[in-house]
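Examination of the molecular architecture
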Amino acid sequence: MVEHGSYSKVQALNDLCATTFTPSGIPSPSSPAIRKLCSLLDTIHAADVGLKEENPDDDWGHGFFGLDRLSQAARWSQPITYIDIYECDSFTMCIFCFPTSSVIPLHDHPGMTVFSKVLYGSLHVKAYDWVEPPCIYESKGSSCPPVKLAKLAVDKVLTAPCGTSVLYPKSGGNLHCFTAVTPCAVLDILTPPYMEDAGRKCTYYHDYPYSSFSTRNGTEIRDGKEDDYAWLAEMGTPDNLYMRQGVYTGPAVNV
């Protein structure tokens, strides 16, 4: 637990989000309000939201993909903990706590903007944006689902302390995958929040190398290298996505 001051950083963050976001959208990426929000997020640490940084030596996973000492089943048995801080029609504020080697598979954020701040540890982020105009390949007479071309936007490891990452509806890596390199925690703000009735449903994807389908439909890369592109196919929620609900123990958020 942390000492709860009269006006915490979490309260300041919530108040700024409440004055910045609406259910229908957010200011432009160049807006001073967005820069102000990122600056505030940059100052937030694990203790500010009631978290204690985990010791990598106490974690069951070892190494980037944990292949040296654990079986696949044992690694997946460690759940990712989801902690809800606050949610309204305009935004969601939440925390994800990852054991080493745990993964949130590739998924999208339709029409949404997401701010992510790594609170402790190291997290590998791989993210794509859809190619515009859309490039879709549908195999006739095959059980293979349609695939859509996307371009790699982010492929790097974020290690705390580091700056806030932002993805937008059509840029910055709206489709991303998180893999924990060490025990880590991420504070997320999603605006507007997921809402299936409004068309903001989370969809998971499998990514295929560009060469898997390019020769079949004659697609040619004109901007960048083939390694910068992938074909994405929709898939159901992965069976190995193991999450549990956590309890928020940081300063209370007053609305």
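Here the structure is a predicted model, which means the values were calculated and not measured.

Things to note about the packing of aromatic side chains
- Inspection of every chain in the model, using the stated rule, returns 8 aromatic pairs.
- Residues Phe-21 and Phe-115 carry aromatic rings whose centres are separated by 6.0 Å and whose planes lie at 35° to one another, so their mutual orientation is tilted. Taken together, the residues Phe-21 in the loop between helix H1 (9-20) and helix H2 (32-42) and Phe-115 in strand E4 (residues 113-120) connect sequence positions 94 residues apart. Taken individually, Phe-21 and Phe-115 each receive the classification buried, so the pair is uniform in this respect.
- Between the aromatic rings of Tyr-86 and Phe-91, the centroid separation amounts to 5.6 Å while the plane-to-plane angle is 45°, which identifies the pairing as tilted.
- Aromatic rings pair up to connect Phe-21, Tyr-86, Phe-91 and Phe-115 into one cluster.

Let's talk about the pairing of strand E10 (residues 184-191)
- The buried count for E10 comes to 8 of 8 residues, which makes it a mostly enclosed element.
- Residues Cys-184, Val-186, Asp-188 and Leu-190 point to one face of E10 and Ala-185, Leu-187, Ile-189 and Thr-191 to the other, with burial holding for every one of them.
- Bridge count between strand E2 (residues 92-98) and E10: 7 bridges; the pairing is antiparallel. Counted as the bridge partner of Cys-94 is Asp-188 from E10.
- In this sheet, E10 lies alongside E4 in antiparallel orientation, the contact comprising 7 bridges.

Focus on the confidence of the model for the chain
- Overall, the predicted model of the chain reaches an average pLDDT of 86, with 84% of residues at or above 70.
- A low-confidence stretch, residues 1-5 stays under pLDDT 50, and its non-local contacts, those more than four residues away or across chains, total 9 contacts.

Here's the deal with the packing of H1 against H2
- In contact at an axis separation of 10 Å, H1 and H2 are set at 165° when each is read in the N-to-C sense. The pairing of H1 with H2 is recorded here as roughly antiparallel in orientation. Seen along the crossing, H1 lies across H2 with a hand that is left-handed. Contact residues: Ala-12, Leu-13, Leu-16, Cys-17 and Thr-20 in H1; Ala-33, Lys-36, Leu-37, Leu-40 and Leu-41 in H2.
- Looking at the contact of H1 with H2, its residues break down into 8 nonpolar, 1 polar and 1 charged.

Basis of the calculations
- Residues numbered from 1 in each chain as written.
- Predicted model: local features only at pLDDT ≥ 70, side-chain atom pairs only at ≥ 80, totals over all residues.
- Heavy atoms only, no water.
- Phe/Tyr/Trp six-rings, centres within 6.5 Å; stacked < 30°, edge-to-face > 60°.
- Helix = DSSP H or I, 4+ residues; strand = E, 2+ residues; numbered from the N terminus.
- Buried < 20%, exposed > 50% of the residue type's maximum accessible area, 1.4 Å probe, protein only.
- Pairing = 2+ DSSP bridges.
- pLDDT = per-residue confidence, 0-100.
- Contact = heavy atoms within 4.5 Å.
- Axes fitted to C-alpha atoms, helices over the stretch in contact; angles between N-to-C directions.
- Parallel < 35°, antiparallel > 145°, perpendicular 65-115°, else oblique.
- Left-handed = near helix turned anticlockwise from the far one by under 90°.
- Nonpolar A, V, L, I, M, F, W, Y, C, P; charged D, E, K, R; others polar.

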